[in-house]
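Architecture at a glance
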Amino acid sequence: MIPAEKIIRKKRDGLTLSAAEIADFVNGVSSGDIGDAQIAAFTMATWFNGMSDHEAALLTLAMRDSGSVLDWPGLDGPVLDKHSTGGVGDLVSLVLGPIVASCGGYVPMISGRGLGHTGGTLDKLESIPGFDTTPGIEHFAKQVRDLGIAIVGQTDELAPADRRIYAVRDVTATVSSPPLMISSILSKKLAEGLDGLVLDIKYGSGAFTADAAAALELAAQMSSVAANAGVACNALVTDMNLPLAWSAGNAVEVREAIRFLAGEEPHPRLEEVSMGLSGELLQLGGLAASAAEGRRLAAESISSGRAAEKFARMVHAQGGPADLLERSDVYLPGAHVVRPVAAHRAGFISAIDTTAVGNVVVSLGGGRARTDDIIDPRVGLTALLAGGDQVERGAPLAVVHAADEAGWQRAAQAIVEAYTIRAERPLAGPVVHSRVEGVASNEAR
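What counts and how
Residues numbered from 1 in each chain as written. Predicted model: local features only at pLDDT ≥ 70, side-chain atom pairs only at ≥ 80, totals over all residues. Heavy atoms only, no water. Axes fitted to C-alpha atoms, helices over the stretch in contact; angles between N-to-C directions. Helix = DSSP H or I, 4+ residues; strand = E, 2+ residues; numbered from the N terminus. Parallel < 35°, antiparallel > 145°, perpendicular 65-115°, else oblique. Contact = heavy atoms within 4.5 Å. Nonpolar A, V, L, I, M, F, W, Y, C, P; charged D, E, K, R; others polar. Buried < 20%, exposed > 50% of the residue type's maximum accessible area, 1.4 Å probe, protein only. Phe/Tyr/Trp six-rings, centres within 6.5 Å; stacked < 30°, edge-to-face > 60°. Lys NZ or Arg CZ within 6 Å of the ring centre and 35° of its normal.

**As for the packing of helix α16 (residues 354–364) against helix α17 (residues 405–418)**
With their axes 9 Å apart at the nearest point, α16 and α17 run at an angle of 175 degrees to one another. Considered as vectors, α16 and α17 are oriented roughly antiparallel to each other. Residues Ala356, Val357, Val360 and Leu364 of α16 form the contact with α17, whose participating residues are Gly407, Ala411, Ala414, Ile415 and Ala418. Along the lines of polarity and charge, the residues of the contact of α16 with α17 split into eight nonpolar, one polar and no charged.

The following block contains the structure:
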């Protein structure tokens, strides 16, 4: 085994690490032979000096191989998934998974929880009574084989080295290092045994990346690393200067996902991103000849009812009610105070501080400021006006779902401050800014 200090020194000096050096370091992390101080030194050296796409692919594969890697022999379709960098009203996973599964893909989706102003897929699903996001890896794999889809949280068996490295990054200000961030995300996705992966890299006032150029660079890096690691991967760079849906919260977003899958009044931005990502994924998996054909197949899965049925069966298979789609208002919890927020002037919605909108949900109890915060699934926002919408003075900007009157008052004031209303209608930009194809520049093994 190559000594850890030699590997750290090499990266400190800006040199390129070999496959053996990266593998030995990750193995030492997994076994406990490498301590937190050495992990911190390695992550800080990487933060300053970076990694090539090839090195990042090697680190991704080593962390993937630190635990179990799912295998899918005998399946009659491709294994596919997506990753989003997070946003406000981003319920894409709730609709994309069932769409892709209903078109012949297998979707072993390992998702996360919300932190800060962005929501988490697991928190949304846990607003459904009985829904189990931790069924165990055997149940998870069997459900994917039998049904085509399961959405769960990360298990202890998958990419365990990433948990130790991330815990150190979290307290050493190195979370933002691109190669460390990319390898952390992709190691967990690749442990799913994927044939194809699509990335949704967001930018704007509601995203962690504010600048479109920086988001495009991240999309190129991530898709290249995934391709170098042997997984077909494309990325869409999408606009998060505005909320992606009519709603933001947990139970409220599940309600909107159900309406979307039923073909009822889809939000135009949500529809564009969901159909675009689904089309890319179906093409990557060989289920469509092009992304455009993939979009058409995705639309057919909704109009035929197949996607909604797949979602309903997934919910029931993971412990939720069998008739959630028919009786969502009975099962999904509602808030005590539900009332609209009035606009203070007439005009057009010219801008929205989307991070502020996400933070309203957090302040209501529907998100986390800290990882150990408890989520209130009832609260959130619905009927959010979008950019360019015309509004009269006194008309609703949004409907606040709050646990009590004080919470509603705080949220209402914050919503008014988050919306900018002007006399002129703003020009609408594209929701999908650009598309990036992952290209393997070299072999990662």
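After presenting the structure, the write-up continues.
**Here we look at unusual backbone geometry**
Positive phi, close to 45 degrees, is recorded for Ala159, a residue that is not glycine. Phi is positive for Glu265, which is not a glycine, with a value near 45 degrees. With respect to the element layout, Glu265 can be found in the loop between α11 (251–261) and α12 (268–284). A relative accessible area of 62% means that Glu265 is categorised as exposed.

**Comments concerning the packing of aromatic side chains**
Under the counting rule described, the total for this entry stands at two aromatic pairs. For the pair Phe25 and Phe42, a centre-to-centre distance of 4.3 Å together with 25 degrees between the ring planes defines the contact as stacked. Linking Phe25 in helix α2 (residues 19–31) with Phe42 in helix α3 (residues 36–49), this pair joins segments that are 17 residues apart in sequence. Judged on exposure class, the residue Phe25 and its partner Phe42 are both buried. Taken together, a centroid distance of 5.0 Å and an interplanar angle of 85 degrees make the contact between Trp47 and Phe48 edge-to-face. Judged by relative accessible area, which is 38%, Trp47 ranks as partly exposed. Residue placement shows Arg339 over the ring face of Trp408; its charged tip is 3.9 Å from the ring centre.

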